[in-house]
Amino acid sequence: MGLGYVGCVSSACLASLGHKVLGVDRDQYKVSTINQQRSPFYEPGLEELIQQNVAAGRLRAGSLDAQAIADADVVLLCVGTPSQANGNIDLSQLRRVCAEIAELMQPRDRPLVVTVRSTVFPGTCESLQETIFASHANVAVASNPEFLREGTAVKDFLEPSLLVVGGTTEAAAQLVAGLYDSLPIEGAVVSLRTAEMIKYACNAFHAVKIGFANEIGSLASELGVDPMQVMETMCRDVKLNISPAYMKPGFAFGGSCLPKDLRALTFRASRLDVKLPMLESVLPANDEHLRRSIRDIFALPGKRIGIFGLAFKEDTDDLRESPVITIVEHLLGKGRETRIFDPHIRLDEIYGSNLSFVVSALPHIGRLMERSLSDLLAGVNAIVIAQKPTAETAAAIRNSGLPVLDLTKLSLKPARPQAAN
């Protein structure tokens, strides 16, 4: 459904994999052009695929009618979801097409999987299932986001870097994933909302990378440094820079390097009249994430809060700019009794700037520290995990029976209802 860039490329490529495909669009020019074995727009390699598969009888374009729905096992929705004036997406085309499908549905014994390839916000597919298709027991809704770039769309489809499917049922998700079995990739079958969210996460990350490279490049250029050499050298590090490192949602960052270097970078840029809005927003974003953690801690039951971990991360005794110290300051300021245990912190062994920082922030830190995990667990009403524990420590905390808030990984919260569109 929809023969724009995504729909037309998906139709031709799926046909090339051996599937029998009907492409549907209200634009009769697109329909007639495909049936004449031509592409309605320029995309490298697309017209050749259309020619081959129309000639082979695997691909045709036409209209949506009861017979088309009766013949289908999967319907892929590739219609537009344009931006509204307020930034929200317009789902009117998507909902209209789904309503047309529902009206054309005839009694059938086998399932029909209505699959959304359009970019939609999490909860959209559930909404379609619960409203438009609520009375159709044999219809399941799935999400199969596309990752196609104009100019390389055919290559991106046939040599994918990511394949994601989620469904209202496991069977629906597996059926859609099976469409791509002959491609050189293992599909990620995930929850329905996860599939919808991944597309936004990927596009946001791509935009962040471009913005980051441009801001670093602009500052480097002003400083007489070759911007390309900086970024090309940076990309050689595939352990930390171009890698899964730091890509796990969890606690706020701290320590002696990241905050200090971000402040220095943005300060120097300001002296050169170079605006770096993305880099300037990183520390405020980190502060806001810390505030979210503090709000979650205050929602814990009881007056006595135990904190596992005081250093800015595990396996160190570095307390400089540790976000945990900010948390402790807030707890004490609001009258919460706070106890802390960190297996690597020995106050009598800390010195220099490390000691100066913690004493300045928490002058009575010695009164808050426990000597062992068992002492911590014995005297509190709830536990906050502020750094990654060992398996043994995690088990002890779990077995304590205390309410636990683990800041090192974001927990799943109840989904908010999908707004009507």
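Residues numbered from 1 in each chain as written. Predicted model: local features only at pLDDT ≥ 70, side-chain atom pairs only at ≥ 80, totals over all residues. Heavy atoms only, no water.

### Focus: the overall build of the protein chain
Note the threshold: Counting from the N terminus, the helices are DSSP H or I runs at least four residues long and the strands are E runs at least two residues long. For the radius of gyration, the atom set is restricted to C-alpha positions; the globular benchmark scales as 2.2 Å times the number of residues to the power 0.38. Residue burial is assigned from relative accessible area. The probe radius is 1.4 Å, only protein chains are included, and a residue is buried under 20% of its type maximum, exposed over 50%, and partly exposed in between.
Helix and strand counts for the protein chain come out as 18 helices and eleven strands. For 421 residues, the compact-globule estimate of 2.2 N^0.38 gives 22 Å, and the C-alpha radius of gyration of the protein chain, at 27 Å, exceeds that figure by more than 25%. For the protein chain, the spread of C-alpha atoms along the three principal axes comes to 80 × 60 × 40 Å. Residues counted as buried form 41% of the 421 residues belonging to the protein chain.

### Describing helix α11 (residues 258-271)
Because an α-helix completes one turn every 3.6 residues, residues spaced three or four positions apart along the sequence face the same direction. How we decide: Multiply 1.5 Å by the residue count of a helix minus one, and that product is the helix's expected span. Arc definition: it is the arc formed by the directions from the helix axis to the C-beta atoms. Contacts: residue pairs with any heavy atoms within 4.5 Å of one another.
Over its 14 residues, α11 extends 20 Å from the first C-alpha to the last, a length consistent with the 20 Å expected when each residue adds 1.5 Å. When we look at burial in α11, the residues that qualify are P259, L262, T266 and A269. Relative to the axis of α11, the buried residues are bounded by an arc of 105 degrees and lie together on one face. On the buried face of α11, the contacting elements are α9 (192-222), α12 (277-280) and α13 (282-298). Just past α11, the residue D273 takes up positive phi, approximately 60 degrees.

### Details of the side chain of S143
Here S143 is to be found in strand β5 (residues 139-143). Ignoring anything within four residues of it in the chain, the contact list for S143 reads T115, V116, C125, V164, V165, G166, L192, A195 and E196.

### Some points on the side chain of S322
Applied cut-off: A 3.5 Å cut-off defines polar contacts: any pair of N or O atoms within that distance qualifies, except that in protein one atom must be a possible hydrogen donor and the other a possible acceptor, and neighbouring residues in sequence count only when both atoms are side-chain atoms.
Checked against the element boundaries, S322 lands in the loop between β8 (304-308) and α14 (323-333). Given the relative accessible area of 2%, S322 is considered buried. Among the polar contacts listed, one links the side chain of S322 to the backbone oxygen of L310, at a separation of 2.7 Å.

### Side note on the nonpolar core
Put simply, the rule reads: To define a nonpolar core, start from buried Ala, Val, Leu, Ile, Met, Phe, Trp, Tyr and Cys residues and group those joined through side-chain atoms within 4.5 Å.
Counting 36 residues, the largest nonpolar core has V9, I34, L46, I50, L59, F157 and Y180 as its most contacted members. When residues of this core are traced back to their parent elements, those giving at least two are α1 (5-16), α2 (28-35), α3 (46-55), β2 (59-62), β5, α7 (153-158) and α8 (170-178). Looking at this core, the element that brings in the most residues is α1, giving seven residues. Listed in part, the 29 residues of the second largest apolar core include I325, I350, V358 and L368.

### Describing unusual backbone geometry
Of note, Y246 is a non-glycine position whose phi angle comes to about 70 degrees, a positive value. Its identity as a non-glycine residue notwithstanding, D315 has a phi of 60 degrees, on the positive side. Positionally, D315 belongs in the loop between β8 and α14. For D315, a relative accessible area of 65% gives the class exposed.

### Considerations on the packing of aromatic side chains
Counted only if it meets this: Each aromatic pair joins two rings of Phe, Tyr and Trp (for Trp, the six-membered one) with centres within 6.5 Å, and gets the label stacked for planes under 30 degrees apart, edge-to-face for over 60, and tilted for any other angle.
Evaluation of the coordinates by the stated rule reveals four aromatic pairs. Seen in terms of ring centroids, Y5 and F41 are 4.2 Å apart; in terms of plane orientation they differ by 35 degrees. Their pairing is tilted. Of this pair, Y5 sits in helix α1 while F41 sits in the loop between α2 and α3, placing them 36 residues apart in sequence. Ring geometry for F157 versus Y180: centroids 5.8 Å apart, planes at 50 degrees, classification tilted. Residue F157 is found in helix α7, and its partner Y180 is found in the loop between α8 and β7 (188-190); the two are separated by 23 residues along the sequence. Classification of Y180 as buried rests on a relative accessible area of 4%.

### Some points on the sheet that holds strand β6 (residues 164-167)
Definition in use: Should DSSP find at least two bridges between two strands, the strands are regarded as paired. Here the axes come from fitting lines to C-alpha atoms, over the contacting stretch only for helices, and the angles between their N-to-C directions go from 0 to 180 degrees.
What the five strands build is an open sheet, ordered β3-β4-β5-β6-β7; its pairing is mixed. Two strands in the sheet have a free side with no partner beyond their single neighbour: β3 (74-77) and β7. On average, each strand axis in the sheet is inclined to that of its neighbour by 25 degrees, with strand direction left out of account. As paired strands, strand β4 (residues 112-116) and β5 are joined by five bridges and run parallel to one another. Bridging from a neighbouring strand, T115 pairs with A142 of β5. Contacts from α9 reach β5, β6 and β7 within the one sheet, and its direction differs from that of β6 by about 145 degrees.

### Quick notes on a nonpolar patch on the surface
This is how it is decided: Note on patches: the residues involved have over 30% relative accessible area and no salt bridge, like charges join within 9 Å, and the nonpolar side chains Val, Leu, Ile, Met, Phe, Trp and Tyr join within 5 Å. Surface accessibility in these figures is a Shrake-Rupley result with a 1.4 Å probe; residues are shielded only by whichever protein chains are displayed. Salt bridge criterion: a side-chain nitrogen from Lys or Arg within 4 Å of a carboxyl oxygen from Asp or Glu.
There is a patch of nonpolar side chains on the surface, built from F205, V208 and M247 and spanning about 260 Å² of accessible area. Along the chain, the position of F205 falls in helix α9.

Distances and angles like these do not, on their own, reveal function.
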